[in-house]
Each structure stands twice: as structure tokens, then as C-alpha cells.
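Report on the structure
Letter by letter, the chains look like this.
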Amino acid sequence: MDRPGPVNRPGPAALRVRHAVRAWRTAHGSGPTVAVALSGGADSLALLTGALAEGLDVVALAVDHGLQEGSAAVAERAAATARELGARATVLTVAVSGPGGPEAAARAARYAALDAARDGAPVLLGHTLDDQAETVLLGLGRGSGARSLAGMVAWAAPYGRPLLGVRRADTRAACAELGLTPWEDPHNLDPRYTRVRVRTEVLPLLEDVLGGGVAESLARTAASLRADNDALDGLAPAPSGPDLPVEELAGLPAALRIRALRMWLASRGARALTGAHLAAVDALVTDWHGQGPTAIPGGSAGRRLQVHRAGGILRAW
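Computed from a predicted structure; not experimentally measured.

What follows covers the overall build of the protein. Looking only at helices and strands, the protein has twelve helices and ten strands in total. Against the compact-globule benchmark of 20 Å for 317 residues, the protein has a radius of gyration of 22 Å, which places it among compact chains. By its C-alpha atoms, the protein is 70 × 45 × 40 Å across when sized along the principal axes. A total of 317 residues make up the protein; the buried ones form 44% of that total.

Below, the structure written as C-alpha cells:
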């Protein structure tokens, strides 16, 4: 990355980023110190400049996953740029392993490293409106239900996403206005990744067919569903204990019953639940005819939970 230009002389795109950081901070009450997850790409680099322009005490956390040749140098350059801009910076080296493929394993390793290094500060992530639109489309394709279609949230402690209303084009333009040359991750152009094909093929096609505005519409859909989900989550009973009496759920509307089952399964160590998993467990409540246990992803590597019904009780182990 080239030597950065002055953060205090922003153009219109950089101002949009800065105002998004200000609005996020006002809405969520962040203190003066924040961590920024910095890849060196345009989104995280623009976010860093916006946080600094708002006068925040910023520590940049650059994660080296070690998955590409030269990744250590990329992380060091990102950290060096952050220091030149006025932030403190640390490089976090992680080992990527575990279930779910390289994307899921890298994400798990990254979030664990960020959480360990944040020292009590919130961690700001550079997800944009475009990322939100992609997330909604991926959730729609997987049939994961309203929770997945609600996309990413602006604040889920300790992680904040100030740029969910900012387009990716604006983060790139902000870097250009400030004289910054972001790192271009080759994975972002690799068609082997589903999200990349959604980004480069599916969304452009939808924009063309539907006459534009699709990304913004998907983001609005996520916001609307998120409000609905919050209301329904508040109405759903929160099961307690390892045993779940079927009679507590059988009379509930489906929207509340599924939420109660999701909360109970999460308390038993379930992870990465899909709509199909929840439907299979729900059938133990609503379509019981003596069927055997249902397997769902468990709480540790390579493990699957078995959900059984016996004597009107659901148990998972």
C-alpha cells in the first residue's frame, strides 16, 4: 500500500464513511477507544480512516491467516499504514484449522484472535451494504429462514458494523480521495467461492434485470426482517434445562415454536443450524410417529448432536 494521504481533507465518499461511523457511535454508545479489524482492503481501510477522522482512539488489528503466499507481508503493510494514519496497530498471526472448510475455519480463527486482542474495546468490522445484500441472497438460497434473511446487525457485542449503509464503491472512492491504495485480496475474485459468484455474477444480473437498486432493496429487507425477528424473539419462550417437554411447544405458533427450539438447541451446543435442521427437530414435536433421533451439527469439531424424543421429552446429546 502506498503512503497514505491526509485523513483530515476528505472528499464526499470519505465524508460518507466518516458520517456512518459517527451515526453508529451515536446509536450504540461506543466509548473513545475502538479496535478496527484491518485487512488492508478498501472497506476496512476506509473504516479506519473514518474512525480516526472522528477522533477515536483506534487500534488496528491486522490478521495474518497464513493461507496465501506473502500474507505476513500484507498484514505488516496494513499495520504500517494504520500507524502512519495515526492508529496503534498489531498483527495477529493465526492457525486456520477445523470444520466447515477453509472459509469457515478462517473466520473462526479470525474472530477468536480479534476477541482475544481487543482488550475490552468494541471491534469494528468493514462490512458494507453490498456485503449485507450478498448475505441476504445467500440466506435466501439456503432456505435458512427469516433469521438468515435479516442479515448482519450493526451491533452484536463486541462487534460493530458502521458501514452497513455504505456502498462498496464509496469505500473504494474514499481510499482514492485520501491517497490510499488498498490491498486487493485475490480470494475476492476466485469463483470457487459462492459469495464471490453472488458478488460478481448474481447481483449484477439482478441489477440489470430489475433495473437497479437491488442491493439497497435487499438491505432494506434485512432491516425489516430484523425488526420482525426481534419482536418474535421477545415473544418466544426460552426453554431452560437439558430436557424440553414437548407440551411446552406443541400449542405454539410455528414462528415462536421454531425460535424456542433454536434457543434450546443452542443451549445444548448446536451450531450452524439450517432451516432443514430445525424442520427435522420440529417434526419431533409436530409430526411424531415414533421416528428415530435427528442429527444436527454439534458444539465441537467433527461432532453431531442427536436429538431424541422419549416419553414426551426432547433430549440432545
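Of note, Ala82 is situated in helix α3 (residues 71-85). For the pair Ala82 and Ala62, spaced 20 residues apart in sequence, the C-alpha to C-alpha distance is 9.5 Å. In this view, Ala82 contacts Leu38, Leu48, Ala60, Ala87 and Ala89; residues no more than four positions away in its chain are not counted.

A word on the sheet that holds strand β4 (residues 123-124). On the basis of which strands lie adjacent, the open sheet formed by six strands has the order β3-β2-β1-β4-β6-β5 and mixed pairing. If you trace the sheet from one side to the other, it starts and ends with β3 (88-93) and β5 (155-156), each paired once. The pairing of strand β1 (residues 33-37) with β4 spans two bridges and is classified as parallel. Paired with Ala35 across the two strands is Val123, which belongs to β4.

The domain boundaries assigned to the protein delineate domain 1 (12-206) and domain 2 (238-316). Spacing between the C-alpha centres of domain 1 and domain 2 amounts to 34 Å.

Nonpolar side chains in soluble globular proteins generally cluster together in the buried interior. In this structure, Leu38, Leu48, Val58 and Ala82 are the most contacted members of the largest nonpolar core, which totals 34 residues. Every element with two or more residues in this core is listed here: α1 (12-28), β1, α2 (42-53), β2 (57-64), α3 and α7 (168-177). Ranked by size, the runner-up nonpolar core spans 18 residues in total, among them Trp264, Ala270, Leu273 and Leu314.

Turning our attention to the pairing of β2. Counting buried positions along β2 yields seven of eight residues, so the element is predominantly enclosed. The pairing of β1 with β2 spans five bridges and is parallel. What sits directly across from Ala37, in β2, is Leu61. In this fold, β1 hands off to α2, which returns the chain to β2; that crossover is right-handed. Regarding the hand of the β-α-β motif, the stretch spanning β2, α3 and β3 is right-handed.

The next point concerns unusual backbone geometry. Excluding glycine, residues mostly carry a negative phi; peptide bonds, for their part, are mostly trans. For the bond from Ala157 to Pro158, the omega torsion is 5 degrees, close enough to zero to count as cis. Note that Pro158 resides in the loop between β5 and β6 (159-160). Of note in the backbone geometry, Asp119 takes a positive phi value of approximately 55 degrees without being a glycine. In this fold, Asp119 is placed in the loop between α4 (101-117) and β4. The exposed category is assigned to Asp119, whose relative accessible area is 75%.

Bringing the packing of α2 against α3 into the picture now. Where α2 contacts α3, the axes come no closer than 11 Å and their chain directions differ by 20 degrees. Here α2 is positioned roughly parallel relative to α3, judged by the angle of their axes. For the element pair α2 and α3, the recorded crossing hand is right-handed. Here Leu45, Leu48, Thr49 and Leu52 of α2 lie close against α3, whose contacting residues are Thr81, Ala82 and Leu85. In terms of residue class, the contact of α2 with α3 is made up of five nonpolar, two polar and no charged.

Each value, and the rule that gives it
- Residues numbered from 1 in each chain as written.
- Predicted model: local features only at pLDDT ≥ 70, side-chain atom pairs only at ≥ 80, totals over all residues.
- Heavy atoms only, no water.
- Helix = DSSP H or I, 4+ residues; strand = E, 2+ residues; numbered from the N terminus.
- Rg over C-alpha atoms; globule rule 2.2 N^0.38 Å.
- Buried < 20%, exposed > 50% of the residue type's maximum accessible area, 1.4 Å probe, protein only.
- Contact = heavy atoms within 4.5 Å.
- Pairing = 2+ DSSP bridges.
- Domains from an automatic or database assignment.
- Core = buried A, V, L, I, M, F, W, Y, C linked by side-chain atoms within 4.5 Å.
- Right-handed = clockwise from strand over helix to strand, strands pointing away.
- Axes fitted to C-alpha atoms, helices over the stretch in contact; angles between N-to-C directions.
- Parallel < 35°, antiparallel > 145°, perpendicular 65-115°, else oblique.
- Left-handed = near helix turned anticlockwise from the far one by under 90°.
- Nonpolar A, V, L, I, M, F, W, Y, C, P; charged D, E, K, R; others polar.

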